[in-house]
Amino acid sequence: MTEPGTLHEIWRTPVAAGLMQRVPAAWLLAGRGLDGDRYALGGGTWAQYPDLEKQVTLIDREDVAAVAAEAGVPLTPGETRRNLVTAGVDLPALVGHWFAVGDALLFGMKRCPPCAHLERLTGARLVKPMVRRGGINAAVFGGAEIAEGAVVRPVSEEEAARRGAPTGTGRPEPRMLPLPD
């Protein structure tokens, strides 16, 4: 599994398609997502998707820089519309696994594919450059306050169970999305 990394930035917006706002700290709410974000509030463009797949999104800051370079646009992490920007974490390796952001317990649900909605909001052609760099969607199972600079690390099944995570048939099922060639 992946090595520990760092939470670099936190982004949220209270409304679908609203301007993302960077905050230095926020609460991850079990079963809901990032406090103050559109999905935790019951809205968001993709609100009809399963609850576990839309609670919080993560993207790597180096992937954002690579997408910006490939697309030839000055893309900021907030413009990707992802909630948590990490550094030094292999995010795709967390899909199907437990991990912690600070003291919060999350489960990697699926890769977060880019979409035409993001292109409409940014005015930039981002779908192709983000195919393998779109980050991941995660579900929050143990809420906690998080802050920029927090450690992002893998969590073993045993540790997750000790922290109250569902096991056996109650364990979440990730959705593995095929990537285009």
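As a starting point, this report considers the structure included with it.

About the cut-offs
- Residues numbered from 1 in each chain as written.
- Predicted model: local features only at pLDDT ≥ 70, side-chain atom pairs only at ≥ 80, totals over all residues.
- Heavy atoms only, no water.
- Helix = DSSP H or I, 4+ residues; strand = E, 2+ residues; numbered from the N terminus.
- Buried < 20%, exposed > 50% of the residue type's maximum accessible area, 1.4 Å probe, protein only.
- Contact = heavy atoms within 4.5 Å.
- Areas by Shrake-Rupley, 256 points an atom, 1.4 Å probe, with all protein chains shown as cover.
- Salt bridge = Lys/Arg side-chain N within 4 Å of Asp/Glu carboxyl O.
- Core = buried A, V, L, I, M, F, W, Y, C linked by side-chain atoms within 4.5 Å.
- Phe/Tyr/Trp six-rings, centres within 6.5 Å; stacked < 30°, edge-to-face > 60°.
- Arc of directions from axis to C-beta.
- Polar contact = N/O pair within 3.5 Å; in protein donor to acceptor, adjacent residues only side chain to side chain.

## What about the overall build of the chain?
Now for step 1: Within the chain, the regular secondary structure consists of four helices and eleven strands.
Now for step 2: A burial count over the chain gives 47% of its 181 residues as buried.
Now for step 3: Taking contacts inside the chain between residues at least 6 apart in sequence as the whole, the part at least 24 apart equals 75%.
Now for step 4: Here the chain has roughly 8,500 Å² of accessible surface; of this, 54% comes from carbon and sulfur atoms.

## Here's the deal with the pattern of salt bridges
Now for step 1: Scanning the entire structure with this criterion turns up seven salt bridges.
Now for step 2: With a closest N to O distance of 2.7 Å, Arg153 and Glu159 form a salt bridge.
Now for step 3: Residue Arg163 is joined to Glu159 by a salt bridge in which the shortest nitrogen-to-oxygen separation is 3.5 Å.
Now for step 4: Since its relative accessible area comes to 17%, Glu159 is described here as buried.
Now for step 5: Within this structure, Glu9, Arg22 and Glu148 form a network of salt bridges that share partners.

## Focus: the nonpolar core
A general tendency of soluble globular proteins is for nonpolar side chains to be buried together.
Now for step 1: Among the nonpolar cores identified, the biggest contains 24 residues, and Leu28, Phe99, Val101, Leu106 and Ile146 are the most heavily contacted of them.
Now for step 2: Elements supplying a minimum of two residues to this core: β1 (5-12), β3 (25-29), β5 (56-60), β7 (98-101), β8 (104-111), β9 (136-142) and β10 (144-147).
Now for step 3: Ranked by residue count, the leading element in this core is β9, at three residues.
Now for step 4: Core analysis: the next-biggest nonpolar cluster, separate from the first, contains nine residues, Ala100, Val155, Ala160 and Ala165 among them.

## Observations regarding the packing of aromatic side chains
Now for step 1: A full pass over the atoms with the stated rule returns two aromatic pairs.
Now for step 2: An angle of 80° between the planes, with centres 5.0 Å apart, marks the rings of Trp98 and Phe141 as edge-to-face. Remark: Phe141 occurs in strand β9 and Trp98 occurs in strand β7; sequence separation between them is 43 residues.
Now for step 3: Classification of Trp98 as buried rests on a relative accessible area of 1%.
Now for step 4: Here the aromatic cluster, defined as three or more aromatic residues joined through ring pairs, consists of Trp98, Phe107 and Phe141.

## A word on helix α1 (residues 61-71)
Now for step 1: Here α1 has its buried residues at Val64, Val67 and Ala68. Along the long axis of α1, the arc covered by the buried residues comes to 100°, so they all point the same way. Among the exposed residues of α1, those oriented more than 90 degrees off its buried face are Glu62 and Ala69.
Now for step 2: One side-chain oxygen at the N-terminal end of α1 lies 2.8 Å from the backbone nitrogen of Glu62; it belongs to Asp60.
Now for step 3: Immediately downstream of α1, the backbone of Gly72 shows phi near 70°, a positive value.

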